[in-house]
Amino acid sequence: MTNPEITIETPSKIPMDLVVHGYRERQCVLTLMRQLNRLVSAVQKHRGVSLARLAGDGLFVDDVSQVQAQVNQRLEVWRLSVEQFDHLVPLRDQQNIQHGWHTVCNNWEEDALLENFEYHSFLIDQLLQLNGGLGRKLETSLLLMNQPPIDDTADDDPVLYLVCRRLPELVEDLARIRGLATHAAVVGECHEDHQKKLLYWLQCVERKNRELISNIENLDSKIQKQWRALSELKNYELKLAFFLNTVNKDIIRARSSKADARQLFTLGSEIIDVYVDGVDGGISLLQTDLEAELEAWLISV
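In this text the structure is predicted, and so the values were computed from the model without any measurement.

A short note on the overall build of the chain
- Within the chain one finds ten helices and zero strands.
- Reading the chain from its N end, one meets helices and strands in the order α-α-α-α-α-α-α-α-α-α.
- For 301 residues, the compact-globule estimate of 2.2 N^0.38 gives 19 Å, and the chain sits close to it at 21 Å.
- With respect to the principal axes defined by its C-alpha atoms, the chain has extents near 70 × 40 × 30 Å.
- By residue count, 51% of the 301 residues in the chain fall in the buried class.
- For the chain, the proportion of contacts with a sequence separation of at least 24, taken over those separated by at least 6, is 83%.

Written out as structure tokens, the structure is:
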């Protein structure tokens, strides 16, 4: 996919019902991926506001209730969507996701900090793995369905690679920093083990973002023009640097936290939302390519 030169098999070689089924299945995959992108973002935000609330900041009480309601709605929509193509997501995986969210919400006010963080992170990891599995179903072109699959084709498709791996991994590191740093800002100190975690994630974000910018610059110019959300990532490099520097200087290095918890959380969320929008834009591009593949097949008579 995302290849301007589409290899076409003639209608006589691929049965009509097979093409239509493949097209509909890919549409469903892209819909589920789009929903998962926003669902993961909501769970990450829930983790952040929960950690702030557990630290004793009453200002985050309304945030927890609001975000929790949003996650509930997104999960229900996702569940109903999965029913249309239930073979795409095994029942056990569906049940594990629901159980993971129940574990997160069950008496969360009584959780220890590490427990709450790990419950959220485990659920997020499940969702990201599920998203990656769905992405692998798009590795084979709609017009090459009756040919043997080629291993590691995801790495050959730069858009699919960024949507399923590069961007989600970077967002999760940023969301972890936002959550733990906000907690530290509320309590006014950052424990040594939390400092080590934050330092590690800061290094990961800096490295992964450099690699991401390189990936973007190496994209075909046509893809860059179509994937407009990516240009916003470059525009946020200064804000990202400021956010990471604030966490390092005012949370990790400071003897007592000097950062404002609400401002830190808001800035982190603003930056994360741009990356989430980038994933959404990539999914739209994959959708456009799917339509182009179908049209190419239809006119290849």
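Some details on the nonpolar core
- Among the nonpolar cores identified, the biggest contains 90 residues, and Trp-227, Ile-251 and Tyr-275 are the most heavily contacted of them.
- Residues in contact with Tyr-275, not counting those within four places in the same chain, are Leu-167, Leu-170, Val-171, Leu-174, Asn-209, Leu-212, Leu-233 and Leu-240.
- If you look at the next biggest cluster of nonpolar residues, it comprises six residues, including Val-49, Ala-52, Phe-60 and Trp-108.

Re the pattern of salt bridges
- Within the structure shown, the criterion is met by 16 salt bridges.
- The partner of Asp-63 in a salt bridge is Arg-262, with the nearest N and O atoms 3.0 Å apart. Residue Asp-63 is located in helix 2 (residues 61-84), and its partner Arg-262 is located in helix 10 (residues 261-298); the two are separated by 199 residues in the primary sequence.
- On the basis of relative accessibility, which here comes to 29%, the residue Arg-262 falls in the partly exposed class.

A short note on unusual backbone geometry
- Although it is not a glycine, Asn-107 adopts a positive phi angle of roughly 50°.
- Residue placement: Asn-107 occurs in the loop between helix 3 (91-105) and helix 4 (113-136).

A short note on the packing of helix 5 (residues 158-187) against helix 10
- Packing of helix 5 against helix 10 brings their axes to within 9 Å, and their N-to-C directions diverge by 170°. In terms of axis orientation, helix 5 runs roughly antiparallel to helix 10.
- Residue composition of the contact of helix 5 with helix 10, by class: 22 nonpolar, five polar and one charged.

Brief notes about helix 3
- Relative to the 21 Å expected for 15 residues at 1.5 Å per residue, helix 3 spans 21 Å between its end C-alpha atoms, a close match to the ideal helical length.
- Where helix 3 is concerned, the buried positions are Gln-94, Ile-97, Gly-100, Trp-101, Val-104 and Cys-105. The buried residues of helix 3 all sit within an arc of 130° when viewed along its axis, so they share a single face. With respect to the buried face of helix 3, the exposed residues turned more than 90 degrees away are Leu-91, Arg-92 and His-99.

Digging into the side chain of Gln-126
- Structurally, Gln-126 is set in helix 4.
- Look past the residues within four positions of Gln-126 in its chain and what remains in contact with it is Asn-96 and Ile-97.

Remarks on the packing of aromatic side chains
- Applying the stated criterion across every chain yields a total of two aromatic pairs.
- With 5.7 Å between their ring centres and 85° between their planes, Phe-60 and Phe-265 make a pair best called edge-to-face. Taken together, the residues Phe-60 in the loop between helix 1 (16-54) and helix 2 and Phe-265 in helix 10 connect sequence positions 205 residues apart.
- On the basis of relative accessible area, Phe-60 is assigned to the buried category, the value being 0%.
- Note on Phe-265: relative accessible area 5%, which makes it buried.
- Relative to Trp-201, the ring of Phe-117 lies with its centre 5.7 Å away and its plane at 20°, an arrangement referred to as stacked. A residue pair is termed long-range when its members are at least 10 positions apart, and Phe-117 in helix 4 and Trp-201 in helix 6 (residues 192-217) qualify at 84 residues. Comparing Phe-117 with Trp-201, the two get one shared label, buried.
- Its guanidinium or amino end placed over the ring of Phe-117, Arg-47 lies 5.1 Å from that ring's centre, counting from NZ or CZ.
- A cation over an aromatic ring shows up here: Arg-262 above the ring of Phe-60, its NZ or CZ 4.2 Å from the ring centre.

Procedures and definitions
Throughout, residues of each chain are indexed from 1 in the direction in which the sequence is written. At least 70 in pLDDT is required for a residue's local features to be given in this predicted model, at least 80 for side-chain atom pairs to be given and counted, and no such filter applies to totals for whole chains, interfaces and linings, which use all residues. Hydrogens and waters are ignored; side-chain quantities use all the structure's heavy atoms. Secondary structure elements follow DSSP: runs of H or I of four or more residues count as helices, runs of E of two or more count as strands, with numbering from the N terminus. Put simply, the radius of gyration uses C-alpha atoms, and a globule should come to 2.2 Å times the residue count raised to 0.38. Each residue gets one of three labels from its accessible area relative to the maximum for its type: buried under 20%, exposed over 50%, partly exposed in between, using a 1.4 Å probe on protein chains only. Two residues qualify as a contact provided that any one of their heavy atoms is within 4.5 Å of a heavy atom in the partner residue. Throughout, nonpolar core names a set of buried Ala, Val, Leu, Ile, Met, Phe, Trp, Tyr and Cys residues whose side chains join them through atoms within 4.5 Å. Here a salt bridge means any side-chain nitrogen of Lys or Arg lying within 4 Å of a carboxyl oxygen belonging to Asp or Glu. For helices, the fitted axis covers only the stretch in contact; all axes are lines through C-alpha atoms, and the angles between them, taken along N-to-C directions, range from 0 to 180 degrees. The labels follow the angle: roughly parallel below 35 degrees, roughly antiparallel above 145, roughly perpendicular from 65 to 115, and oblique for the rest. Three classes are used, and their members are as follows: Ala, Val, Leu, Ile, Met, Phe, Trp, Tyr, Cys and Pro are nonpolar, Asp, Glu, Lys and Arg are charged, and the others, Gly among them, are polar. Every helix has an expected span of 1.5 Å times one less than the residues it contains. Think of it as the arc spanned by the lines of direction from the helix axis to the C-beta atoms. Only the six-membered ring of Trp is used, alongside the rings of Phe and Tyr, when aromatic pairs are assigned; centres must lie within 6.5 Å, and planes under 30 degrees apart are stacked while those over 60 apart are edge-to-face, with the rest tilted. Charge over a ring is defined by NZ of Lys or CZ of Arg lying within 6 Å of the ring centre and within 35 degrees of the ring normal.

So yeah, pure geometry; function would need other evidence.
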